[in-house]
Amino acid sequence: MDKNLDARFERVEKALANLIDSIAKYNPSEKLAEGLVEADKELFKGLQALETHQNNYARIQQLREETAALDAQTKEIIGALWTMRKEVKNTQTTVYPASGPKYQFTTKELLDYARRISPNTLPPPGVTNGVDFGTPTPTPAEQPDDAAKGGGAQTPNTSFNGTGTAAGTPAASGAPPTPSVNGDMSSTHAQPPGFVSQTSLTSSILSDLPPLFKQAIIIDEGAVFVPWPDEFYIRSGALASYQALVDRNIDPKGYDPEEEEQRRKEEEAARKEAEEKARIEREEAERRMREERERMARERERNRAEAERRGSVATGFVPPPKTQFTFLDAGDDDDDD
Amino acid sequence: MSSEQASAGSSTNVKVPPPEPNALANEPKYAGSTRFELELEFVSMLANPKYLNHLASRKFFEKPEFIAYLKYLQYWTRPPYLKYLQWPGPTLKHLELLQQEKFRQDIISPDLVQALIAEGMKTGVEWHRKA
């Protein structure tokens, strides 16, 4: 392109020089002037071609840049894909036993079960076991490591939310969501700067209280949620009573402490009832005897009066009316006879 | 806590799981409870790390018959027994771990017990917040 243009410039220069020469020799030639005009036109065309060339070149540069950018992007994507593939390959996945049995259950059964066990699997609202939910919790992958390190042994994964147990996360769908508590609340709600929420204020006041007051005011203070049976449960269970019988040298088989107790109570009740019955009978007998005695006394009295009457009628003897001590002769029959 | 589980374990030298409660009409009773009730209670107690430690300290995990009993107790991982577990997570996890010799040896360590307790209590309040 440069050569092309240079040639045209030279041609223009030559034509110009020739024309000047001819003018200097006072012999201007029309032909030379036309040659100059021709050369100028050629140069102009050349310049136009140069412009096109430059434009094309700029475009080529631009396309090259684009290509480079796209190449970089492609490389990046491939790199990312490679990294991702590596990550996916390294991810620990739960291995479900391929040939393990599958158990059928209905939603109702699942929900019933969730409701039944929810007191044992869901902590009461406000009980956090000292876990601070404001800070990001460690990922589940880190926890077993900590547990294993703490134990000084390579005990396998001890996470409770782990693998293929059907009841791993039992109440997830069945249990009602727990209302968020204390400090948790202030972090979940967007608040304007400088605004102190009622909850956080209250919680800060509560946390400033002396321990003695805390126990009295905050119900859940010191309460912990234990996701397994506690010692009290273990000590008061059926196995404990089993052991108690063994300790007393009683064969637990077929021996029911409740039934024994029941039988003892029944015997006691029967004995008491018998005693009561005997007492009532005795009283009844006494009452009857008393009545009998009274009846006999009345009978005797009547007989005596009758005999007196009959005696007077038969003999015609009328005993003289007693003016004195009349009421005494009832007890002393001998005086009259 | 005493050695009740040993007596329960040895007295039930059967390999067949007990029948479900609705079929318990004529089940023999041991100290007022059926075999189903006793074994359910025992398997639930295994959820408590301290109890495991207690069992380890009484050297139960060294007895072959007790290990066989632990193996037998795995019927709790299957229906229809599964749904009677009151503390399913820790119970099943510990039952699974107890099948391993390594865990049976390690649980004597108070550090491991403390780690299990700490983690269990932490998980107990955290698991439902992750969703």
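Residues numbered from 1 in each chain as written. Chains lettered and ligands numbered in written order. Predicted model: local features only at pLDDT ≥ 70, side-chain atom pairs only at ≥ 80, totals over all residues.

Student: Looking at this structure, how should I read the overall build of chain A?
Tutor: Looking only at helices and strands, one finds 10 helices and 0 strands in chain A. For chain A, with 337 residues in total, the buried portion stands at 11%. Once local pairs closer than 6 in sequence are excluded, the contacts in chain A between residues at least 24 apart make up 56%. (Helix = DSSP H or I, 4+ residues; strand = E, 2+ residues; numbered from the N terminus. Buried ≥ 20, exposed ≤ 12 C-beta atoms within 10 Å, placed from the backbone. Contact = placed C-beta atoms within 7 Å.)

Student: Would you mind showing me how to read the overall build of chain B here?
Tutor: For chain B, the count of helices and strands is 7 helices and 0 strands. Shown N-terminal to C-terminal, the secondary structure of chain B runs as helices and strands in the order α-α-α-α-α-α-α. Residues classed as buried in chain B amount to 45% of the 131 residues present. Excluding contacts between residues fewer than 6 apart, the proportion of contacts in chain B whose partners are at least 24 apart in sequence is 62%.

Student: Even after reading the chapter, I still don't get the packing of helix H9 (residues 238–247) of chain A against helix H2 (residues 35–45) of chain B, so can you show me in this structure?
Tutor: Each pair of packed helices can be described by the angle between their axes along with the distance between the axes. Packing of H9(A) against H2(B) leaves a shortest axis separation of 8 Å and a crossing angle of 110°. Relative to H2(B), the element H9(A) is oriented roughly perpendicular. Residues A:Ala238, A:Leu239 and A:Tyr242 of H9(A) form the contact with H2(B), whose own contacting residues are B:Glu37, B:Leu38, B:Glu41 and B:Phe42. (Axes fitted to C-alpha atoms, helices over the stretch in contact; angles between N-to-C directions. Parallel < 35°, antiparallel > 145°, perpendicular 65-115°, else oblique.)

Student: Can you walk me through the nonpolar core in this structure?
Tutor: Grouped together as the largest cluster of nonpolar side chains are 37 residues, with contacts concentrated most on A:Tyr242, B:Val43, B:Leu46 and B:Leu95. Taken together, the elements giving at least two residues each to this core come down to H9 of chain A together with H2, helix H3 (49–57), helix H4 (64–72), helix H5 (88–98) and helix H7 (110–126) of chain B. Sort the elements by how many residues they give to this core and H2(B) lands first, with 5 residues. Contacts of B:Leu46, omitting those with residues within four sequence positions, involve B:Tyr51, B:Leu52, B:Thr91, B:His94, B:Leu95 and B:Leu98. (Core = buried A, V, L, I, M, F, W, Y, C linked by C-beta atoms within 7 Å.)

Student: What exactly am I supposed to notice about helix H2 (residues 30–90) of chain A here?
Tutor: A turn of α-helix holds 3.6 residues, and therefore any two residues three or four places apart point the same way. With 61 residues, H2(A) extends 89 Å from end C-alpha to end C-alpha; this agrees with the ideal 90 Å at 1.5 Å per step. Across the 61 residues of H2(A), 2 count as buried, placing the element largely on the outside. (Expected span 1.5 Å × (residues − 1).)

Student: Explain unusual backbone geometry here, please?
Tutor: Of all residues except glycine, most have a negative phi; of all peptide bonds, most are trans. Positive phi values are uncommon outside glycine, yet B:Lys59 reaches one of about 65°. Residue classification places B:Lys59 among the exposed positions, given that 10 C-beta atoms sit within 10 Å.

Student: Even after reading the chapter, I still don't get the packing of helix H1 (residues 2–24) of chain A against H2(A), so can you show me in this structure?
Tutor: All names here are of chain A. It is at 9 Å that the axes of H1 and H2 come closest, and there the two elements cross at 160°. With respect to their mutual orientation, H1 and H2 come out roughly antiparallel. Handedness of the H1/H2 crossing: left-handed. Where H1 approaches H2, its residues Asn4, Leu5, Arg8, Phe9, Arg11, Val12, Ala15, Leu16, Asn18, Leu19 and Ser22 are matched on the opposing element by Leu32, Ala33, Gly35, Leu36, Ala39, Asp40, Glu42, Leu43, Gly46 and Leu50. Partitioned by chemical class, the residues of the contact of H1 with H2 number 12 nonpolar, 5 polar and 4 charged. (Left-handed = near helix turned anticlockwise from the far one by under 90°. Nonpolar A, V, L, I, M, F, W, Y, C, P; charged D, E, K, R; others polar.)

Student: In this structure, what is going on with the environment of A:Lys45? I would like to understand it.
Tutor: Residue placement: A:Lys45 occurs in helix H2. Sequence spacing of A:Lys45 and A:Arg8 is 37 residues, and the spatial spacing of their C-alpha atoms is 9.6 Å.

Student: Even after reading the chapter, I still don't get the confidence of the model for chain A, so can you show me in this structure?
Tutor: Close inspection of predicted coordinates is inappropriate for parts of the model with low pLDDT. Model confidence for chain A is summarised by a mean pLDDT of 74, while 63% of its residues fall at 70 or above. When the criterion is pLDDT under 50, residues 135–196 of chain A qualifies, and its contacts beyond four places in sequence or with other chains add up to 106 contacts. (pLDDT = per-residue confidence, 0-100.)

Student: I would appreciate a short explanation of H9(A) in the present structure.
Tutor: Along H9(A), the residues classified as buried are A:Ala238, A:Leu239, A:Ser241, A:Tyr242, A:Gln243 and A:Leu245. Positive backbone phi, approximately 65°, marks A:Asn249, located one or two places after H9(A).

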